[in-house]
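Inside the fold
Letter by letter, the chains look like this.
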Amino acid sequence: MERWPLLQARVLETSRQQLRLCQVRGHGRCLEAQVTCTLGQCLAEESPLVLGSSDGIWLAKACCVSEEEELDAMDDLLAGCLCLHVGLDVEKQQLAQELSRESSLVGAVGQDRLSKCLSSDLLEALGPDVAPILSQWRACCDVNAETWVETVDESEHTCPLIRHVRFLFGLFAALAMVEHSCQPNARVEWDSSAQAMKLVAMSDIACGQRISRSYLDAGLLMAPTSIRKVVLQQDWRFECTCLRCRCSVQEIDWTDVMMPFLPDENSDSQTGPKGRLTLQRCAGPFGLTLDPAAVQAIRRAGAACQALGVPPVGTLHFLQDVVSDLLSRGSGGSLATITLCLPGVCELGDPYQPEGNDTVDTVKKECSSRSHSGTRARSSKENRLNE
Ligand SMILES: [Zn+2]
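The structure displayed is predicted, hence computed values, not measured ones. (Residues numbered from 1 in each chain as written. Predicted model: local features only at pLDDT ≥ 70, side-chain atom pairs only at ≥ 80, totals over all residues.)

Each regular strand carries side chains that alternate between the two faces of the sheet. For strand 6 (residues 162–171), the tally of buried residues reaches 10 of 10 residues, placing the bulk of the element in the interior. Residues Ile162, His164, Arg166, Leu168 and Gly170 line one face of strand 6 and the alternating positions Arg163, Val165, Phe167, Phe169 and Leu171 line the opposite face, and both faces are buried. Relative to strand 6, strand 4 (residues 50–53) runs antiparallel, the two being bridged by 4 bridges. Following the sheet pairing, Gly52 is matched in strand 6 by Phe169. In terms of strand pairing, strand 5 (residues 146–151) meets strand 6 through 6 bridges, oriented antiparallel. Each residue of the ladder has a partner; that of Thr151, found in strand 6, is Val165. Summarising the sheet, strand 6 and strand 13 (residues 338–341) pair through 3 bridges and their orientation is parallel. Across the sheet, Arg163 pairs through a bridge with Leu340, a residue of strand 13. (Buried ≥ 20, exposed ≤ 12 C-beta atoms within 10 Å, placed from the backbone. Helix = DSSP H or I, 4+ residues; strand = E, 2+ residues; numbered from the N terminus. Pairing = 2+ DSSP bridges.)

Our next topic: the environment of Cys37. Counting through the fold element by element, Cys37 comes out in the loop between strand 2 (28–33) and strand 3 (42–46). Since 24 C-beta atoms lie within 10 Å of it, Cys37 is described here as buried.

Now for the confidence of the model for the protein chain. Interpretation of the predicted coordinates at a detailed level should be avoided for regions scoring low in pLDDT. The pLDDT averaged across the protein chain works out to 75; a share of 67% of its residues lies at or above 70. At the low end of the mean pLDDT range in the protein chain sits helix 14 (residues 360–364), at 30; at the high end sits strand 3, at 98. The model gives residues 347–372 a pLDDT under 50, and that stretch makes 55 contacts with residues more than four places away or in other chains. Throughout residues 378–387 the model reports pLDDT below 50, and contacts reaching past four residues in sequence, or to other chains, amount to 25 contacts. (pLDDT = per-residue confidence, 0-100. Contact = placed C-beta atoms within 7 Å.)

It is worth spelling out helix 7 (residues 130–144) at this point. Counted at 1.5 Å a residue, the expected span for helix 7 with its 15 residues is 21 Å, and the 21 Å between its end C-alpha atoms agrees. Looking only at helix 7, the buried set comprises Leu134, Gln136, Trp137, Arg138, Cys140, Cys141, Val143 and Asn144. (Expected span 1.5 Å × (residues − 1).)

The next thing to look at is helix 13 (residues 314–328). An ideal rise of 1.5 Å per residue puts 21 Å on 15 residues; helix 13 measures up with 21 Å between its terminal C-alpha atoms. The set of residues buried in helix 13 consists of Gly314, Thr315, Leu316, His317, Phe318, Leu319, Gln320, Asp321, Val322 and Val323.

Right, let's get into unusual backbone geometry. Keep in mind that most residues, glycine aside, have a negative phi and that most peptide bonds are trans. Positive phi, close to 50 degrees, is recorded for Arg16, a residue that is not glycine. Checked against the element boundaries, Arg16 lands in the loop between helix 1 (5–14) and strand 1 (19–24). By C-beta crowding, Arg16 is classed as exposed, having 12 other C-beta atoms within 10 Å. A positive phi angle, near 70 degrees, is found at Gln17, a position not held by glycine. Assignment of secondary structure puts Gln17 in the loop between helix 1 and strand 1.

On to the packing of helix 12 (residues 292–308) against helix 13, then. Where helix 12 contacts helix 13, the axes come no closer than 9 Å and their chain directions differ by 115 degrees. By the angle between their axes, helix 12 is roughly perpendicular relative to helix 13. Note on packing geometry: the crossing formed by helix 12 with helix 13 is left-handed. Packed against helix 12, whose contacting residues are Val295, Ile298, Arg299, Ala301 and Gly302, the element helix 13 presents Leu316, Leu319, Gln320 and Val323 at the interface. Of the residues that constitute the contact of helix 12 with helix 13, the class distribution is 6 nonpolar, 2 polar and 1 charged. (Axes fitted to C-alpha atoms, helices over the stretch in contact; angles between N-to-C directions. Parallel < 35°, antiparallel > 145°, perpendicular 65-115°, else oblique. Left-handed = near helix turned anticlockwise from the far one by under 90°. Nonpolar A, V, L, I, M, F, W, Y, C, P; charged D, E, K, R; others polar.)

The interhelical angle for the contact between helix 4 (residues 90–100) and helix 7, taken along N-to-C directions, is 70 degrees, at an axis separation of 10 Å. Looking at the two axes, helix 4 sits roughly perpendicular to helix 7. Contact with helix 4, carried on its side by Ala96, Leu99 and Ser100, involves Gln136, Ala139, Cys140 and Asn144 of helix 7 and no other residues of that element. Broken down by class, the residue content of the contact of helix 4 with helix 7 amounts to 4 nonpolar, 3 polar and no charged.

Right, here's the structure in full:
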């Protein structure tokens, strides 16, 4: 991989030599196991090049956002990238350039609304060629950024029925090289205590085998081939040729499988006729409210994944984690309503929090070390909690 020296070095370093970067004709860049790996093994661990969040840390640093401007987390991430671009960290900058060089979307984005609200200092540092730089980073983030949810509660003193969550967006270099499969052999999991993303094997992997993960969030990963193909083509511009997509055997009738996270137009409750969970219907002004039926659907979702031969990923993995935490804290096996609130939006008091103060900065230091898996940013559209 002489063409991508920094990326190759990053892959070797973050995977402790377990993986290497390779290029497959017709597939592009991907990662390959250099050793035999077993189910549950951590294959790589990487800190984000840039981290964005729903609380706008980067925006505050990089932009002079007026009240009329509404910027989302992706803009926040992009602002972070631009700071990186003009900052002193040359190695990260070059690494990001190697990352974005192959993007077919570079140049497709024109003048951006973000440029209108960047601080004058940043605009000056970026120079007169701000538009192409902006376009390149936008394209890089669109294709490679991850999105995931993190709980920000102090784990020991928090009521498990009310959890505070925030959305994180990040850009990773080595992990962005993992190829997609609809029947992946690995998934990414965020470790909040280490503030790093881990790549974890979901099956035994032979030496020389390629590493794959799902770019799609749980609902779409569990959807039939015809739907997955359309989304992958629209959002990532490639035709999936994974084993599951090529399989000529009739797929399990997915309508008979308990299918969380797919909207069901004909149902009034949170869960539809076959126990399908409709997250959009759970969304309220304070976040996401999961009633006992929804909690039950989440608990049973593992069986659906098993029937389809896919690992629980993304939002499903996060929700399973929240529910199993609730059950492990002695709820006596009975199901209760869980509320997931966004910090700063939620008005619900938490009787278990002594100060009644749940600002992200104070809580983050002691936040839970449990990990949640993320998905590529584009696939999050189906499951954004409070949009
Ligand atoms: Zn596929």
